[in-house]
Amino acid sequence: MTIQENISLKPYNSFGIDVNAKYFISVSSIAELQHVLMNNKGSKKLIIGGGSNVLFTQNIDALVIHINTKGIKLTSRFENTVLISVAAGENWHDFVLWSLKNDLGGVENLSLIPGKVGTAPIQNIGAYGVELKDVFDSCEALELETGEIKTFSKNDCKFGYRESVFKNELKNKYIVLNVNLKLSAVNHRIKTQYGTIASDLKKNNITNPTIQDVSKAIINIRTTKLPDPKLIGNSGSFFKNPIVSKESFKLLKLNFSDIPSYEVSDKLVKIPAGWLIEKAGLKGKRFGRYGVHKKQALVLVNYGGAEGNDIKNLAYLIQDTILKIFEIYLELEVNII
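In this numbering scheme, every chain counts its residues from 1 along its sequence in written order. Totals for whole chains, interfaces and linings use all residues, but because this is a predicted model, local features are given only for residues with pLDDT of at least 70 and pairs of side-chain atoms are given and counted only at 80 or more. Think of the side-chain values as coming from all heavy atoms in the structure, minus any hydrogens and water.

Caption draft 1: Geometry of the overall build of the protein. Looking only at helices and strands, the protein has nine helices and 20 strands in total. Within these notes, the globule rule equals 2.2 Å times the number of residues to the 0.38 power, and the radius of gyration is based on C-alpha atoms. A compact globule built from 337 residues would reach a C-alpha radius of gyration of about 20 Å, and the protein, at 20 Å, matches this within 12%. Seen through its principal axes, the protein has C-alpha atoms that stretch 60 × 50 × 35 Å. For every residue, the accessible area (1.4 Å probe, protein chains only) is compared with the maximum for its type, and the residue is labelled buried under 20%, exposed over 50%, or partly exposed between those bounds. Per-residue burial over the protein gives 48% buried out of 337 residues. Only heavy atoms enter the contact rule, under which two residues are in contact if any of them lie within 4.5 Å. Here the contacts in the protein between residues at least 6 apart in sequence split such that 59% fall between residues at least 24 apart. Accessible surface, the protein: about 16700 Å² in total, of which carbon and sulfur atoms supply 47%. Within this scheme the basic residues Lys and Arg register as positive and the acidic residues Asp and Glu register as negative, but His and the chain ends are omitted. A charge is said to be at NZ when it belongs to Lys, at CZ for Arg, at CG for Asp and at CD for Glu. In the protein, which carries 42 positive and 33 negative side-chain charges, the distance between the mean positions of the two groups comes to 4 Å. Strands here mean DSSP runs of E at least two residues long; helices mean DSSP runs of H or I at least four residues long; both are numbered from the N terminus. Per-residue accessibility takes into account occlusion by the displayed protein chains alone, with areas from the Shrake-Rupley method and a 1.4 Å probe.

Caption draft 2: Expanded view of the pattern of salt bridges. A pair is scored as a salt bridge if a Lys or Arg side-chain nitrogen falls within 4 Å of a carboxyl oxygen belonging to Asp or Glu. Throughout the structure, instances matching the rule amount to 13 salt bridges. The salt bridge involving Asp 134 is made with Lys 133; its shortest N-O contact spans 3.6 Å. Here Asp 134 falls in the partly exposed class, since its relative accessible area comes to 38%. With a shortest N-O distance of 3.7 Å, Glu 333 and Arg 162 are connected by a salt bridge. Here Glu 333, found in the loop between α9 (308-326) and β20 (335-336), pairs with Arg 162, found in the loop between α4 (154-157) and β12 (174-184); they are 171 residues apart in sequence, far enough to count as distant. Each of the two residues, Glu 333 as well as Arg 162, counts as buried. Among the charged side chains, a network of salt bridges with common partners joins Glu 131, Lys 133, Asp 134, Arg 162 and Glu 333.

Caption draft 3: Looking closely at the packing of aromatic side chains. Only rings of Phe, Tyr and Trp enter the pairing, Trp through its six-membered ring, and a pair is recorded when the two centres are within 6.5 Å. The plane angle decides the type: under 30 degrees is stacked, over 60 is edge-to-face, the rest tilted. Under the counting rule described, the total for this entry stands at 11 aromatic pairs. Ring centres 4.7 Å apart and planes at 50° place the aromatic pair Phe 256 and Phe 326 in the tilted group. With Phe 256 in the loop between α7 (246-255) and β15 (262-263) and Phe 326 in helix α9, this residue pair connects regions lying 70 residues apart in the sequence. Of the two residues, Phe 256 and Phe 326, neither departs from the other in class, the shared state being buried. Seen in terms of ring centroids, Phe 287 and Tyr 290 are 5.7 Å apart; in terms of plane orientation they differ by 15°. Their pairing is stacked. Among the residues examined, Tyr 290 registers a relative accessible area of 18% and is labelled buried. Members of the aromatic cluster, each reached through a chain of ring pairs, are Phe 15, Phe 238 and Phe 239. The ring of Tyr 161 carries Lys 270 above its face, with NZ or CZ at 4.1 Å from the centroid. As a reminder, the over-ring test applies to NZ of lysine and CZ of arginine, requiring each to be within 6 Å of the ring centre and within 35 degrees of the ring normal. Positioned over the ring face of Tyr 303 is Arg 286, at 3.7 Å from the centre of the ring.

Caption draft 4: View of unusual backbone geometry. With phi around 65°, Leu 112 is a residue other than glycine that occupies positive phi space. Tracing the chain through its elements places Leu 112 in the loop between α2 (92-101) and α3 (120-123). Owing to a relative accessible area of 28%, Leu 112 belongs among the partly exposed residues under this scheme. With a phi angle near 60°, Glu 327 is a residue other than glycine that sits in the positive phi range.

Caption draft 5: The sheet that holds strand β14 (residues 243-245), seen in detail. Strands are treated as partners if at least two bridges between them are detected by DSSP. Taking strand neighbours across the sheet as the criterion, the three strands line up as β14-β16-β15 in an open arrangement whose pairing is antiparallel. Each having just a single partner strand, β14 and β15 make up the two edges of the open sheet. Two strands pair when backbone bridges link them, and β14 and strand β16 (residues 268-270) are joined in this way by three bridges, in the antiparallel orientation. Residue pairing for β16: Val 244 is matched across the bridge by Val 269. The axes are straight lines fitted to the C-alpha atoms, using for helices just the contacting stretch, and the angles between their N-to-C directions are given from 0 to 180°. Across the sheet, α7 lies against β14, β15 and β16, angled at about 90° from β14, the strand it touches most.

Written as structure tokens, this is what we have:
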């Protein structure tokens with residue numbers, strides 16, 4: 001286990017941006033992580049997992065620590081559910097496939113989300129009507145300053161829409177080590193009402209879907225709409241879907257009669273950011289080496305050789321355009337460094 005110097009981070013970010021880390025090390029156990037932290041107190045650090053939610057815009061003048069810990073284990077069994085502990089360095093989709101293989105339900109709607117398990121609670125990842133918080137029990141995280149390991153309950157994490165305590169008051173203060181999830185072992189709750197899951201199942205003559213069927217449908221939907229980061233650099237959805245008051249939405253409806261929405265509460269609705277970007281005429285817009293994906297307007301792409309600042313400036317252009325047309329500010333999902 002040796003710290004390397006001037007290492008390219010291109011293989012460690014899904015945008016495929018070629019920047020260098022001044023110092024770099026990959027750790028495969030909690031003990032290794034603690035050893036690295038103890039021997040590098042006071043130095044600047046950046047923690048990365050799968051690099052699927054980050055946009056690098058410059059060389060990193062710090063010690064980059066890549067979390068590559070592995071392990072999935074059943075820790076408790078209850079009447080209808082089980083508690084599963086997953087190491088932070090496990091690939092998220094691989095874990096979903098493991099769950100399906102063992103007929104454990106709750107994460108099938110989160111199939112094919114890129115990234116590592118350790119970043120899942122930070123983002124409160126979500127897709128097709130399910131969020132991580134729906135199956136989350138707790139997580140263990142290491143405090144960078146003290147090296148102490150603390151357990152965070154669901155309430156401690158303060159989950160919101162693509163939000164958690166780790167993105168706000170505790171940002172850059174903790175490293176998630178393990179995530180504990182409560183999955184169904186029997187009587188799975190099948191959720192097919194979001195997006196085109198139901199129609200995809202119907203197209204394949206599936207009337208009584210299993211969790212495996214739902215996962216296959218979602219994988220099919222995602223692969224037809226979203227580019228593979230291994231082929232075209234991207235980080236999935238770059239923007240959050242904005243949430244506005246119902247009063248504001250009624251005013252928008254006067255000028256944009258076809259604007260879609262999803263009810264969040266009695267007073268709030270969510271508007272698809274992809275629809276706003278497409279309506280603004282930016283879907284599929286290409287600027288040489290980078291652009292907006294032709295099938296999904298939420299996805300910004302690196303066609304090859306783009307710099308992080310190219311993608312960043314495109315994101316800002318989209319934000320400015322949407323604000324000018326709709327008076328809505330699009331928040332970023334991706335961390336720009």
